[in-house]
Amino acid sequence: MTEANGNQSAATHDALENLLQENRQFPPSPEFAAAAVARPGIYEEAAADRPAFWAKQARELLSWERDFETALDWSDPPFAKWFSGGTLNAAYNALDRHVENGLGDRVAIHFEGEPGDTRSYTYAQLTEEVKKAANAFESLGVSKGDRVAVYLPMIPEAVITMLACARIGAVHSVVFGGFSAEALRSRIEDAEAKLVVTADGTFRRGKPSALKPAVDAALAEDGHTVSSVVVVRRNNEPVDWTAGRDKWWDETVGSASAEHTAVAHDAEHPLFILYTSGTTGKPKGILHTTGGYLTQCAYTHRAVFDLKPETDVFWCTADIGWVTGHSYVTYAPLINGATQLMYEGTPDSPHQGRWWELVQKYKVSILYTAPTAIRTMMKWGEDIPARYDLSSLRVLGSVGEPINPEAWMWYRRVIGGDKAPIVDTWWQTETGAHMIAPLPGITATKPGSAQVPVPGIAVDIVDETGAPVPNGHGGYLVIREPWPAMLRGIWGDPQRFKDTYWSRFEGMYFAGDGAKKDDDGDIWLLGRVDDVMNVSGHRLSTTEIESALVSHPAVAEAAVVGAADETTGEAVVAFVILRGSAAEQPQEEITAELREHVGKEIGPIAKPRRILIVPELPKTRSGKIMRRLLKDIAEGREAGDATTLADNTVMTQIANSLKG
Ligand code: WTA
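Keep in mind that what you see is a predicted model, and the values were worked out from it rather than measured.

### Considering the packing of helix α5 (residues 90–103) against helix α6 (residues 123–139)
Packed helix pairs are specified by the crossing angle of their axes together with the interaxial distance, meaning the distance between the axes. At a closest axis distance of 9 Å, the pairing of α5 and α6 adopts a crossing angle of 145 degrees. Note on packing geometry: the crossing formed by α5 with α6 is left-handed. Contacts between α5 and α6 involve Ala94, Leu95, Asp96, His98, Val99 and Leu103 from the former and Tyr123, Ala124, Leu126, Thr127, Val130 and Lys131 from the latter. Residues of the contact of α5 with α6, tallied by class, amount to eight nonpolar, two polar and two charged.

### Notes on the sheet that holds strand β25 (residues 523–528)
Each strand in a sheet pairs with its neighbour through backbone hydrogen bonds, running either in the same direction (parallel) or in the opposite one (antiparallel). Taken together, four strands build an open sheet; the order of strands is β21-β22-β24-β25 and the sheet is antiparallel. Of all the strands in the sheet, the pair left with one neighbour each is β21 (459–462) and β25. Between one strand and the next, the sheet's axes are offset by a mean angle of 45 degrees, whatever the strand orientation. In this structure, strand β22 (residues 474–479) lies alongside strand β24 (residues 509–517), joined through five bridges in antiparallel fashion. Pairing of Ile479 across the sheet is with Tyr509, part of β24.

### Focus: the site of the ligand
In the region of the ligand, 17 residues are neighbours, and Asp424, Thr425, Thr429, Asp513 and Arg539 sit closest. Pro402 has a polar backbone atom sitting 3.5 Å from a nitrogen atom of the ligand. For the shell around the ligand, the secondary structure elements donating two or more residues are α12 (323–335), β20 (422–425) and β25.

### Some points on the packing of aromatic side chains
Under the counting rule described, the total for this entry stands at 33 aromatic pairs. Ring geometry for Phe176 against Phe179: centres 5.9 Å apart, planes inclined by 90 degrees, an arrangement best described as edge-to-face. Each member of the pair, Phe176 together with Phe179, is buried. In textbook terms, an aromatic cluster arises when at least three aromatic residues are bridged by ring pairs, as seen for Trp74, Phe79, Trp483, Phe497, Tyr501, Trp502 and Tyr509. For Arg59, the ring lying beneath its charged end belongs to Phe68, and the centroid distance is 4.0 Å. For the cation-ring pair, Arg187 lies above Phe179, with the distance from its terminal atom to the ring centre recorded as 4.5 Å.

### Some thoughts on the nonpolar core
Judged by nonpolar contacts, the single largest core of 160 residues is most densely connected at Phe83, Phe137, Tyr331 and Ile545. Examining the composition of this core, we find that nine residues originate from one element, helix α7 (residues 156–168), more than from any other. Setting aside its immediate chain neighbours within four residues, Tyr331 contacts Ala90, Met162, Leu163, Ala166, His172, Leu271, Phe272, Tyr293, Leu294 and His326. The next biggest cluster of nonpolar side chains, apart from the first, holds 30 residues, and it includes Tyr362, Val364, Leu390 and Leu393.

### Description of the UniProt feature "binding site: Mg(2+)" (unreviewed entry) in the protein
Residues given the UniProt feature "binding site: Mg(2+)" (unreviewed entry) here are Val550, His552 and Val555. If we skip the residues at most four places from it in the chain, Val550 touches Val555, Ala556, Glu557 and Ala558. The class for His552 is buried, based on a relative accessible area of 8%. Leaving out residues up to four positions away in the same chain, His552 has contacts with Glu593, Leu594 and His597. Reaching out from His552, the side chain makes a polar contact with the backbone nitrogen of Ala554 at a distance of 3.0 Å.

### Brief notes about the side chain of Asn89
Mapped onto the elements of the fold, Asn89 is located in the loop between β3 (87–88) and α5. There is a polar contact of 2.8 Å between the side chain of Asn89 and the backbone oxygen of Val263. Residues contacting Asn89, with those up to four places away along its chain left out, are Ala166, Arg167, Ala262, Val263, Ala264 and His265.

### Observations concerning empty space enclosed by the protein
Remark: the empty space left among the atoms is shown by a probe the size of a water molecule rolled over them. Overall, the coordinates contain three cavities of 30 Å³ or more when judged by the stated rule. One number sums up the size of the largest cavity: a volume of about 40 Å³. Taken together, Leu88, Asn89, Ala90, Ala166, Gly169, Ala170, His265, His269, Pro270, Leu271 and Thr290 make up the lining of the largest cavity. Counted by class, the lining of the largest cavity contains six nonpolar, five polar and no charged residues.

### Structural notes on the side chain of His265
For His265, the location among the structural elements is in strand β13 (residues 265–266). Judged by relative accessible area, His265 falls into the buried class, the value being 4%. Among the polar contacts listed, one links the side chain of His265 to the side chain of Lys144, at a separation of 3.2 Å. Sequence-distant contacts of His265, defined by excluding residues within four places in its chain, comprise Gly86, Thr87, Leu88, Asn89, Lys144, Ala166, Arg167, Ile168 and Gly169.

### Considerations on α5
Largest kink in α5: about 35 degrees, centred on Asp96. You can read the cap of α5 off the contacts: a side-chain oxygen lies 2.8 Å from the backbone nitrogen of Ala91, and it is on Asn89.

### Quick notes on unusual backbone geometry
Residue Pro78 is bonded to the preceding Pro77 through a cis peptide linkage, with omega at 5 degrees. With respect to the element layout, Pro78 can be found in the loop between β1 (72–76) and β2 (79–82). Here the bond from Ser349 into Pro350 is cis, since omega is -5 degrees, no more than 30 degrees from zero. Tracing the chain through its elements places Pro350 in the loop between β17 (339–343) and α13 (354–362).

Parameters and conventions
- Residues numbered from 1 in each chain as written.
- Predicted model: local features only at pLDDT ≥ 70, side-chain atom pairs only at ≥ 80, totals over all residues.
- Heavy atoms only, no water.
- Axes fitted to C-alpha atoms, helices over the stretch in contact; angles between N-to-C directions.
- Helix = DSSP H or I, 4+ residues; strand = E, 2+ residues; numbered from the N terminus.
- Left-handed = near helix turned anticlockwise from the far one by under 90°.
- Contact = heavy atoms within 4.5 Å.
- Nonpolar A, V, L, I, M, F, W, Y, C, P; charged D, E, K, R; others polar.
- Pairing = 2+ DSSP bridges.
- Near = heavy atom within 4 Å.
- Polar contact = N/O pair within 3.5 Å; in protein donor to acceptor, adjacent residues only side chain to side chain.
- Phe/Tyr/Trp six-rings, centres within 6.5 Å; stacked < 30°, edge-to-face > 60°.
- Buried < 20%, exposed > 50% of the residue type's maximum accessible area, 1.4 Å probe, protein only.
- Lys NZ or Arg CZ within 6 Å of the ring centre and 35° of its normal.
- Core = buried A, V, L, I, M, F, W, Y, C linked by side-chain atoms within 4.5 Å.
- UniProt positions renumbered as here; feature names shortened; annotations may be inferred.
- 1 Å grid on protein atoms, 1.4 Å probe; cavity = no way out; pocket = protein on both sides within 12 Å on 5 of 7 lines; lining within 4 Å.
- Points joined across faces, edges and corners; volume = space filled by probe spheres on them.
- Bend = angle between axes of the 7 residues up to and from the residue.

Laid out in structure tokens, this is it:
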């Protein structure tokens, strides 16, 4: 990796060396392989004709009102069209057709609230709720193509809202409940949302936690496009009310008709926008459309998790505010007619065994979670999961960041009873669905590696010049061919779409990740090579946090880095130069204030773990901050090569100030 590309540090290098000494392998058991969804030969079949392979999946896994003629139109790269001309309705595919096929009584969602309240929805019941919500939203003036902002906790109404939008052809834009009013406001504004769906609040570690006040604050100033706010009653805390604008869900959706006919939309009709952090300050509205997205979600959910919808209980622990919650909570499980668990709360409320208690209670058979959660549970100790019967688990998934071999082995042994295959799935908000993952039943898994591209996906690792690296070497992860669930653009900014993903290497999608091929050609992900951080599997941008810091009157300049952290993967560390009189304030006071400020501007997840007050920042002659050197300090190392600094005394000045 070159310096210009950022964050690959000595620590990453050490991690890489350790990884490459990892040579354990776990082939599937013969019994698992014999019953597996993915059949041998699938890779060859898909590689022979990718568009034809995906067309076959689209027709097998989805119900089309009008069939498509062309699988892929790539005549105007990088703007792909998949299955265009075909028409379908996402909500019909997720709901009505299962009821029509006699599966109305199958449980779609088992919901468990943090306080322990439970609700289950059969496919018939969920269909009815979605129809009511669709009627209610239409009565509030929402129609095809309109945008709806969703700011909800992990409750069934989140899924119902998303599917009601899809049913109408309205475009949902879910904003994670942990984001601040300010972050919500900018997303509402960028998408020009007409409706906001929220809740009074949720529960966090046994206490009510509010959501509605953030919506009120986001809409406090005139000039926005929102005409209605629908509010789900969840924690029954008092809320402020804007008459005419605000409506209770119980009343509006509750009184709506349960008759609603789904209209089919073109395969390329926009399904949702989801904002994600990039390398610049402004989050990007990633746009996904209908037919291709649903095809790849449904296919990967079946093949990668070995899903048997009749018998499995699937549990994806991701929040609906992230892409994992979109693809593997709202869409794939329901399109596939599966039964899933949805849990509102934190893993340690009211006790650290809550997740395992849920696995036991609902007989969860497929669990999909993030390495940061696994590492946290490792810290809590294996005696906690040992108290529960986890024998129902037969496939384990990992997503969001590289999983270290130690966590992988613990997951396999302690949670998976030394037999459930682990699928480490690499993908992004932009890719929409899994791109690299083992197939259980076929792949002999390796601890810490996502290994192989999904059938029908063309991934490669290239060097600086775009040439593929040989086995045993590292480089940049790229995608060579268009794929069905690929983003169709950045909302309102086609040029940024081209610049961000398609300009680094000619004709290839550049993911922003570094990766390595081992001697077998298997892929090991090594983390971002740009200014994007990954904290507990959440994507955060260094520049976005820097902008938040400098918007505070006490801050003259700021630089943010992701420092390696045992549990969260990375932790946000900020270096700040204070302005004038602020430098005289007690440091603890000012750093506490700055952390709060970042929380308010972006959200609590973005608050720096540490803020270091420094007299100067290391910059090159062209003025670019050398984050690599700051990362060395943040990770407690001797700072590396500083010869390209404009002022080579800066590092000594910083070191002295931190000592003092
Ligand atoms: C990282 C989450 C290693 C990666 C689905 C990517 C991973 C970013 C893995 C996307 C994995 C995701 N192994 N790294 N299995 N999965 N990543 O958009 O850096 O929130 O670019 O999508 O997470 O994060 P996003």
